[in-house]
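Residue-level listing of the chains:
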Amino acid sequence: MRIVAALGGNALLRRGEKPDAVIQIEHVRAAAEALAPLAADHELIICHGNGPQVGMLALESENDPSLTRPYPLDALVAQTQGMIGYWLAQCLHNAGVTKPVLSIVTQTLVDAHDPAFAEPAKFVGPVYDHPQARRLAELHGWRVAADGDSWRRVVPSPEPQRIVEQDSITHLLENRAVVICGGGGGAPVVDDGTGRLQGVEAVVDKDFTAALLAVTVHADRLLVLTDVPAVMAHFGTPQAVPLNRLDLDDLARMRFPAGSMGPKTAACQRFVAATGRRAAIGSLAEATAVLDGSAGTTITAGRTHRTDTRPGPRPGPGNEHVQPVPTNATVTPLTRPAP
């Protein structure tokens, strides 16, 4: 089976933790141990988030008096790809993965006129209380927004159009390599109209990039692995229920927080709608169980959508929680594995 696994940045550095290397490496080690069985039994592409890490580097750059101006976000995204990709490759090797493991610094083409540039909405960096966030916004010219009970910096997050290194990624995958790519959504670049690429101040959502990769490489599954066990209905209430299985019609009737579960469910919707194949959302620690449907939330096409069950290439183009679920949506407890 060919799998694209998207790892949440908060699963590698949790809310409130110090961004020390030793803390992050321990999380990466645990992630690698969870992913090693997938790498052994399947073809695997790994995308990772970088929200906490790129925000930390941006803050350091903003406060460095030796710089004439801070480093641009595209360069910082590339830096995090190198750091996290290095840690993942090393830890996968140490977890017993015998296949070649390669990390690719990935560029993601975006539209220079994407409306997201005028409406920053992607959370990066650590959390602050409101007075701290307001002071930093005034000091650095940031945009900030509420993230639950805290506040964080927000930056533009344009839609991914194409992965510049796509051919190399596909070639490596077809030659049995485990490929780490699209880290932090990939360094965002635009085409100047002559074929020349230039970085831009933005962070692409890694779940959308993972979905694009999954469609392009004809993946059998898209796994969105994070720090929560499943999509939850009625989260934060005594009636909270983990949803084991949803289809595209169920998702169309639901509303999700834009800064957390929203991109994850939207990425799964894109992949399932384009391919008819299944996607799943769940805990990184339970990656194997999320794949087989005994944990997490499995997302299927549903009766009113085409489902492609044929082997071989599929057709197709080039804190995380849901609001209360409608009464007519599918709600299947986690104790029941998906068929």
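Our subject in this report is the structure included herewith. (Residues numbered from 1 in each chain as written. Predicted model: local features only at pLDDT ≥ 70, side-chain atom pairs only at ≥ 80, totals over all residues. Heavy atoms only, no water.)

## Notes on the overall build of the protein chain
- Along the protein chain, the regular secondary structure elements total 10 helices and 17 strands.
- Looking at the protein chain as a whole, 53% of its 339 residues are labelled buried.
- In the structure as shown, the protein chain presents an accessible area of about 15,200 Å², 53% of it carried by carbon and sulfur atoms. (Helix = DSSP H or I, 4+ residues; strand = E, 2+ residues; numbered from the N terminus. Buried < 20%, exposed > 50% of the residue type's maximum accessible area, 1.4 Å probe, protein only. Areas by Shrake-Rupley, 256 points an atom, 1.4 Å probe, with all protein chains shown as cover.)

## Description of the environment of Val204
- Position of Val204 relative to the elements: it lies in the loop between strand E11 (197–199) and helix H7 (206–216).
- Distance from Val204 to Thr108, taken between C-alpha atoms, is 7.9 Å for residues 96 residues apart in sequence.
- Contacts of Val204, omitting those with residues within four sequence positions, involve Thr108, Val110, Ser157, Pro158, Pro160, Gly184, Gly185, Gly186, Pro188 and Thr209. (Contact = heavy atoms within 4.5 Å.)

## Topic: the pairing of strand E1 (residues 2–7)
- Among the 6 residues in E1, 6 count as buried, and that is most of the element.
- Where burial is concerned, the two faces of E1 agree: the one with Arg2, Val4 and Ala6 and the one with Ile3, Ala5 and Leu7 are both buried.
- Relative to strand E2 (residues 43–48), E1 runs parallel, the two being bridged by 6 bridges. The residue of E2 that forms the bridge with Ile3 is Leu44.
- As paired elements, E1 and strand E12 (residues 221–226) share 5 bridges and run parallel to each other. (Pairing = 2+ DSSP bridges.)

## Quick notes on the sheet that holds strand E5 (residues 122–128)
- Spatially, the 3 strands line up as an open sheet ordered E5-E7-E6, and their pairing is antiparallel. A single partner strand is all that each edge strand has here, and the edge strands are E5 and strand E6 (143–147). In this sheet, neighbouring strand axes are inclined to one another by 40° on average, regardless of whether the strands run parallel or antiparallel.
- In the sheet, E6 pairs with strand E7 (residues 150–155) via 5 bridges, with the strands oriented antiparallel. (Axes fitted to C-alpha atoms, helices over the stretch in contact; angles between N-to-C directions.)

## Some points on the nonpolar core
- Counting 42 residues, the largest nonpolar core has Val4, Ile45, Ile169, Val179, Leu222 and Phe271 as its most contacted members.
- Elements with a contribution of two residues or more to this core: E1, E2, helix H6 (166–174), H7, E12, helix H8 (248–252), helix H9 (261–275) and strand E16 (278–283).
- When residues of this core are assigned to their parent elements, the largest contribution, 7 residues, is made by H7.
- Apart from residues lying up to four places away in sequence, Val4 is in contact with Ile45, Cys47, Ala210, Ala214, Val217, Ala219, Arg221, Leu222 and Leu223. (Core = buried A, V, L, I, M, F, W, Y, C linked by side-chain atoms within 4.5 Å.)

## Focus: the environment of Met83
- Tracing the backbone through its elements, the reader meets Met83 in helix H4 (residues 73–94).
- Using a relative accessible area of 26% as the deciding quantity, one classes Met83 as partly exposed.
- Taking the C-alpha atoms as reference points, Met83 and Ser103, 20 residues apart in sequence, are found 9.9 Å from one another.

## Considering the sheet that holds E11
- What the 4 strands build is an open sheet, ordered E8-E4-E10-E11; its pairing is mixed. Of all strands in the sheet, those bounded by a partner on one side alone are strand E8 (162–163) and E11.
- Here 3 bridges tie strand E4 (residues 107–109) to strand E10 (residues 187–191), and the two strands are oriented parallel to one another. Bridging across to E10, Leu109 finds its partner in Val189.

## As for the pattern of salt bridges
- Following the criterion strictly, the structure yields 10 salt bridges and no others.
- Two residues, Arg29 and Glu26, come together in a salt bridge whose shortest N-O distance is 2.4 Å. With a gap of 3 residues between them, Arg29 and Glu26 both fall in helix H2 (residues 21–41), about one helical turn apart.
- For Arg29, a relative accessible area of 32% puts it in the partly exposed group.
- Residue classification places Glu26 among the partly exposed positions, given a relative accessible area of 42%.
- With its nearest N and O atoms 3.2 Å apart, the salt bridge here joins Arg277 to Asp220. A residue pair is termed long-range when its members are at least 10 positions apart, and Arg277 in the loop between H9 and E16 and Asp220 in the loop between H7 and E12 qualify at 57 residues. As far as burial versus exposure is concerned, Arg277 and Asp220 are alike and both buried.
- Linked through salt bridges whose partners overlap, the residues forming this network are Glu26, Arg29 and Glu33. (Salt bridge = Lys/Arg side-chain N within 4 Å of Asp/Glu carboxyl O.)

## Remarks on the state of the cysteines
- Counted under the stated rule, the structure contains 0 disulfides.
- Looking at Cys47, it has no disulfide partner, and the nearest cysteine sulfur is the one in Cys181, 4.8 Å off. (Disulfide = S-S within 2.5 Å.)

## Concerning the environment of Ile104
- With respect to the element layout, Ile104 can be found in the loop between strand E3 (101–103) and E4.
- Excluding residues that lie within four positions of it along the chain, Ile104 makes contacts with Gln81, Glu165, Ile169, Leu172, Val179, Ile180 and Cys181.

## Let's talk about the side chain of Arg152
- For Arg152, the position within the fold is in strand E7.
- What makes Arg152 buried here is its relative accessible area of 6%.
- One polar contact links Arg152 to Asp147, side chain to side chain, over a distance of 3.2 Å.
- In contact with Arg152, other than residues within four places in its own chain, are Gly51, Pro52, Phe123, Val124, Gly125, Pro126, Val127, Arg143, Val144, Ala145 and Asp147. (Polar contact = N/O pair within 3.5 Å; in protein donor to acceptor, adjacent residues only side chain to side chain.)

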